[in-house]
Amino acid sequence: MKRITTIEEYHTEYAKSVKNPEAFWAEQAADFTWRKPWKEVLEWNFEKAETKWFVGGKLNITENCLDRHLANRGNQTAILWEPNSPLEEARKISYSELHTMVCRMTNVLAQNNIKKGDRVCIYMPMVPELAVTVLACARIGAIHSVVFAGFSAKSLSDRINDSECKMLITADGGFRGNKTTPLKDIADEALLSTPSIETVLVHKRTEQNINWTEGRDKWLHSELAKVDANSVATEMDAEDPLFILYTSGSTGKPKGVVHSTAGYMVYADYTFRNVFQYKEGETFFCTADVGWITGHSYIVYGPLLAGATSLMFEGIPTYPDAGRFWEIIDKHQVNIFYTAPTAIRSLEAAGLDFVKPYKLDSLRVLGSVGEPINEEAWEWYNHNIGKGRCPIVDTWWQTETGGILISPLAGITKTKPSFATLPLPGVQPILVDSDGKEIVGNGVEGNLCIKYPWPSIIRTTYGDHERCFTNYFATYKGLYFTGDGCKRDEDGYYRITGRVDDVLNVSGHRLGTAEIENAIDEHPLVIETAVVGYPHDIKGQGVYAYIICSGEIADEDKLKKEINETVTKIIGPIAKPDKIQLVKGLPKTRSGKIMRRILRKIAENDMANLGDTSTLLDPDVVADIVKGRV
Ligand code: 7RM
């Protein structure tokens, strides 16, 4: 498959993609294995939140990730797995071995009554079997819903119940740094309130003691031993759902973002090859977890569709020390490295002594994703990791977009620190003001929308299409609204400035303020709470919680500890407040709305810009809060 190789070619391809999107994407889709060709490239109506790509086409994405590669690269490593402990041996799984593993796993699913369209929840550590179960679901036509293994029992059961999953695939436990996570214990707690689950498959990883529910729980290795290695992939419609992935929004519970088969496939492959300028035989290392969209698109699907070697790392960047990423890069001769600004900042803080022992000379391209990358981190990454010779691709995208939308093409697009630069072919960004009026020209700032569908755009929010419409297509009529603010500079380059809604980005993890508030409210002493974000050196954003409690609090530290425990229990440790301030009142308008703008300014320590507080019900609370700032 061809990819763009010069900036001139980028501009012509971009122009083609805008002038005739259907012809453009039909060309990109042509080289895949299709069981039946599509009849219509695109049908869409943003006013109904409806998009269909490659209508009438039939395929199975795993035939494109696996079977298609067997003839040419059966013996090439597909998944290169690096364990949590550097003392344990790495695993190299070739395309032909991965094919066999996925086929067996597919047969296990079939034997356990999983059929096309069923939902399967996956709650696993970063082991190859996680990728294998994801692909096995896709092969049989079941809709996978991967839940990040750092989420709590409550988050897991909510997600299982929202999409009525029939099966849960988990592990006894997971290794992360010097800790083990008791995944099966957490799952057992979740399973107390998940009536739809019939079967639980358990992968053995840590060999810790676990409880067992006869009839429901089955060891994955015993199930795999019972089946053979032949499996014919289920024929799927282009628009059949491929997966659900829950993500936080500005209101209440996380929503199940649904992606469908063909459009997602074409776009994951196209963006992987073009953005990173992947060259045959290279090793690609994305440090995300498969529990997030970045892992779905750029550990599993994108690299495998392109026939690359995808490095999957079980552990964390700081174990056994802060040189682990760099050690892995040298050990496995990684060519393309893709990580998050928060990781870059924390490894920068650890100091250069952890970088110096490594050559890093296999690296050709560096990537960044998940949050805005500040100039300082960009320069550090460029200088100390890329040694000034590796282009950095700052890739902007979202769970809902399925793949990268705005990004440089490595080595082709001239980069600028902290700019995602230009839209990829097929992507038509527009900036609008708060009334939805387009902001034209350069040197401007506004809310980022996309005015035309790309193949991997969100199809629906599971079980509630209205919510998909309201969230993404109702704010500005006829446009997909990203929730991000954005600048377009004099060169037409895009710089994402961050969320303009009540969504926080903490260490690259998306969290809704309402979601955290609901969790804090569960503490028996809490009457009311308001959560905002504030700039944090390492995390990008930190969580600042203002809390009103009932009665006099004798031991504030104890209370704060309990609140952290409550949030950890309800959402997971990633959502724990960094700062908790007990307050007597919250700044509210006469209609009872909390004025978050003021709370954000106080959390940022920007007292000069508190703005107009005269419309508040009780202006005095502001002075009290400023005084008690933590
Ligand atoms: C891929 C992913 C999406 C939100 C998005 C932005 C922020 C992501 C960048 C970025 C600035 C970037 N999906 N974001 N990438 N901001 N520059 N390169 O992260 O659904 O979890 O989050 O993340 O605010 O809306 S996500």
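Residues numbered from 1 in each chain as written. Predicted model: local features only at pLDDT ≥ 70, side-chain atom pairs only at ≥ 80, totals over all residues. Heavy atoms only, no water.

Could you give me a rundown of the overall build of the protein, with the residues and numbers involved?
In terms of regular secondary structure, the protein is built from 18 helices and 30 strands. Over its C-alpha trace the protein gives a radius of gyration of 24 Å, about what one expects of a compact globule, namely 25 Å for 630 residues. Overall, the C-alpha framework of the protein stretches about 75 × 60 × 55 Å when taken along its three principal axes. Evaluated residue by residue, the protein yields a buried proportion of 60% over its 630 residues. Sequence separation of 24 or more characterises 71% of the internal contacts of the protein that already satisfy a separation of 6 or more. As presented, the protein carries roughly 23,800 Å² of accessible surface, and 49% of it is formed by carbon and sulfur atoms. (Helix = DSSP H or I, 4+ residues; strand = E, 2+ residues; numbered from the N terminus. Rg over C-alpha atoms; globule rule 2.2 N^0.38 Å. Buried < 20%, exposed > 50% of the residue type's maximum accessible area, 1.4 Å probe, protein only. Contact = heavy atoms within 4.5 Å. Areas by Shrake-Rupley, 256 points an atom, 1.4 Å probe, with all protein chains shown as cover.)

I'd like to hear about the site of the ligand, residue by residue, with values.
Around the ligand, 17 residues are found, and the nearest of them are Asp394, Thr395, Thr399, Asp484 and Arg499. Within the backbone of Pro372, an N or O atom sits 3.4 Å from a nitrogen atom of the ligand. Taking Asp484, its side chain carries an N or O atom lying 2.6 Å from an oxygen atom of the ligand. Contact with the protein chains removes 95% of the 530 Å² of surface that the ligand exposes when unbound. Those elements giving two or more residues to the shell around the ligand turn out to be helix H10 (293-305), strand E20 (392-395) and strand E25 (494-499). (Near = heavy atom within 4 Å. Polar contact = N/O pair within 3.5 Å; in protein donor to acceptor, adjacent residues only side chain to side chain.)

I'd like a description of the packing of helix H2 (residues 21-29) against helix H9 (residues 261-275), backed by residues and values.
Running from amino to carboxyl end, H2 crosses H9 at an angle of 80°, the nearest separation of the two axes being 10 Å. Comparing their axes, H9 and H2 come out roughly perpendicular. Residues Phe24, Trp25, Gln28 and Ala29 of H2 pack against Val266, Tyr267 and Tyr270 of H9. Broken down by class, the residue content of the contact of H2 with H9 amounts to six nonpolar, one polar and no charged. (Axes fitted to C-alpha atoms, helices over the stretch in contact; angles between N-to-C directions. Parallel < 35°, antiparallel > 145°, perpendicular 65-115°, else oblique. Nonpolar A, V, L, I, M, F, W, Y, C, P; charged D, E, K, R; others polar.)

Give me the lowdown on the pattern of salt bridges, citing residues and values where you can.
As enumerated under the stated definition, the model contains 44 salt bridges in all. Within the structure, one salt-bridge network assembled from shared partners comprises Lys2, Glu13, Lys16 and Glu27. (Salt bridge = Lys/Arg side-chain N within 4 Å of Asp/Glu carboxyl O.)

Tell me about unusual backbone geometry, residues and numbers included.
Cis peptide bonds are those with omega within 30 degrees of zero, and the linkage from Tyr319 to Pro320 qualifies with -5°. Tracing the sequence through the fold places Pro320 in the loop between strand E17 (309-313) and helix H11 (324-332).

Describe the sheet that holds strand E14 (residues 241-247), and please don't skip the residues or the numbers.
Taken together, the eight strands give an open sheet; going across it, the order is E12-E11-E8-E6-E7-E14-E15-E23, and neighbouring strands pair in mixed fashion. With one partner strand each, in any of the chains shown, strand E12 (217-219) and strand E23 (460-461) form the two edges of the open sheet. Taken together, the three bridges between strand E11 (residues 199-203) and E12 define a ladder with parallel strand orientation. Bridging across to E12, Val200 finds its partner in Asp217. Contacts from helix H5 (residues 128-140) reach strand E6 (119-123), strand E7 (143-146), strand E8 (167-171), E11 and E14 within the one sheet, and its direction differs from that of E6 by about 175°. Against the sheet, helix H6 (residues 153-162) engages E6, E8 and E14, with an angle of about 165° to E6. (Pairing = 2+ DSSP bridges.)

Break down the nonpolar core for me, citing the residues and quoting the values.
Among the nonpolar cores identified, the biggest contains 116 residues, and Phe54, Leu98, Phe276 and Tyr301 are the most heavily contacted of them. Setting aside residues no more than four positions away along its own chain, Phe54 makes contact with Trp25, Ala26, Ala29, Trp34, Trp38, Glu40, Val41, Ala238, Ala262, Gly263 and Val266. One finds Val147, Phe151, Ala187 and Ile197 within the second-largest nonpolar core, a separate group that totals 40 residues. (Core = buried A, V, L, I, M, F, W, Y, C linked by side-chain atoms within 4.5 Å.)

An account of the side chain of Ser17 is requested, with residue identities and associated values reported.
In this fold, Ser17 is placed in helix H1 (residues 7-19). Its relative accessible area of 1% is what places Ser17 among the buried residues. In this structure the side chain of Ser17 is engaged in a polar contact, spanning 2.7 Å, whose partner is the backbone oxygen of Tyr14. Discounting chain neighbours no more than four positions away, the residues touching Ser17 are Phe24, Pro425 and Gly426.

Please give an account of the sheet that holds E17 that cites residues and values.
Spatial ordering of the open sheet is given by E5-E4-E17-E16-E18-E19-E20, a layout of seven strands whose pairing is mixed. With one partner strand each, in any of the chains shown, strand E5 (91-94) and E20 form the two edges of the open sheet. When the angles between neighbouring strand axes are averaged without regard to direction, this sheet yields 20°. As paired strands, strand E4 (residues 77-82) and E5 are joined by four bridges and run antiparallel to one another. By the bridge assignment, Thr77 is partnered in E5 with Ser94.

Lay out the environment of Pro128 in plain terms, naming residues and giving numbers.
Looking at the secondary structure, you find Pro128 in helix H5. Since its relative accessible area comes to 0%, Pro128 is described here as buried. Leave out the neighbours within four places in its chain, and Pro128 touches Trp81, Arg91, Ile93 and Met312.

Please provide a residue-by-residue account of helix H12 (residues 341-350), values included.
When H12 is considered as a whole, its buried residues turn out to be Pro341, Thr342, Ala343, Ile344, Arg345 and Leu347. The secondary structure elements touched by the buried residues of H12 are H11, strand E18 (336-339), strand E19 (365-369), helix H13 (375-385) and strand E29 (540-549). One or two steps after H12, the chain reaches Gly351, where phi turns positive at roughly 100°.

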